[in-house]
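Structural characterization, general
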Amino acid sequence: MKDIKLTVYEDDMETVKKECEANMVKIPFGIVRKLMRLFNVENLDSVSQLLNVVMESWDTVIGLLDRIFPDIEKDEWDYVDISEMVRAIYALLKFAFAEMVKIPTESKN
């Protein structure tokens with residue numbers, strides 16, 4: 001998953017402190033389900049609903065991102081651009097679904 005990267009910025013959010021590439025990890029289906037709720041925003045009627053979905057999943061999302069981006073320290077997440085993070089999560093979901101499609105569904109006896 002070398003094409004999935006996140007940038008950690010300095011306090012000014014312009015100066016790049018470091019760039020981190022995603023590591024290959026297995027993504028549990030429960031996390032995929034929670035992440036899909038984040039991207040199913042067309043069914044949400046208000047900003048408060050969207051914030052609730054994000055807050056409900058926040059610890060799970062950060063836990064997964066910590067595994068996928070082990071080079072990012074806990075305090076450095078405050079300096080990751082949210083749009084980059086959303087794009088990374090979306091790319092991770094696409095990767096997870098691409099892997100699921102490869103699973104054979106018919107057994108041959």
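The paragraphs below set out a description of the structure included in this document. (Residues numbered from 1 in each chain as written. Predicted model: local features only at pLDDT ≥ 70, side-chain atom pairs only at ≥ 80, totals over all residues. Heavy atoms only, no water.)

1. Considering the nonpolar core
The biggest cluster of nonpolar side chains holds 25 residues, and the ones touching the most others in it are Ile27, Leu65, Phe69, Ile72 and Trp77. Elements represented by at least two residues in this core include exactly strand S1 (5-9), helix H1 (29-39), helix H2 (47-68) and helix H3 (82-101). Counting residues per element, this core draws most heavily on H3, which supplies 6 residues. Apart from the residues lying within four places of it in its own chain, the contact partners of Phe69 are Ile4, Lys5, Leu6, Cys20, Glu21, Ala22, Trp77 and Ala88. (Core = buried A, V, L, I, M, F, W, Y, C linked by side-chain atoms within 4.5 Å. Buried < 20%, exposed > 50% of the residue type's maximum accessible area, 1.4 Å probe, protein only. Helix = DSSP H or I, 4+ residues; strand = E, 2+ residues; numbered from the N terminus. Contact = heavy atoms within 4.5 Å.)

2. Things to note about the pairing of S1
Across the 5 residues that make up S1, a large majority, 4, are buried. Here S1 hands over to strand S2 (residues 16-21) after 6 residues, with Met13 in that stretch at a positive phi of 60°. (Pairing = 2+ DSSP bridges.)

3. Side note on unusual backbone geometry
Notably, Met13 is not glycine yet its phi reads approximately 60°, a positive angle. The exposure class of Met13 is partly exposed, given its relative accessible area of 33%.

4. Digging into the environment of Leu64
Looking at the element boundaries, Leu64 is found in helix H2. Measuring from C-alpha to C-alpha, the distance between Leu64 and Ile89 comes to 9.7 Å, with 25 residues separating the pair along the chain. With residues near it in sequence (within four places) discarded, Leu64 still touches Ile27, Ile31 and Leu35.

5. Quick word on a nonpolar patch on the surface
A cluster of nonpolar side chains, Phe29, Met36, Phe97 and Met100, forms an exposed patch at the surface whose accessible area comes to about 360 Å². Contributions of two or more residues to the nonpolar patch are made by H1 and H3. Counting through the fold element by element, Phe29 comes out in helix H1. Using a relative accessible area of 52% as the deciding quantity, one classes Phe29 as exposed. (Patch = residues over 30% accessible without salt bridge, like charges linked within 9 Å, V, L, I, M, F, W, Y side chains within 5 Å. Areas by Shrake-Rupley, 256 points an atom, 1.4 Å probe, with all protein chains shown as cover. Salt bridge = Lys/Arg side-chain N within 4 Å of Asp/Glu carboxyl O.)

6. Some details on the pairing of S2
Bridging between S1 and S2 involves 5 bridges; their strand directions are antiparallel. Bridging from a neighbouring strand, Lys5 pairs with Glu21 of S2.

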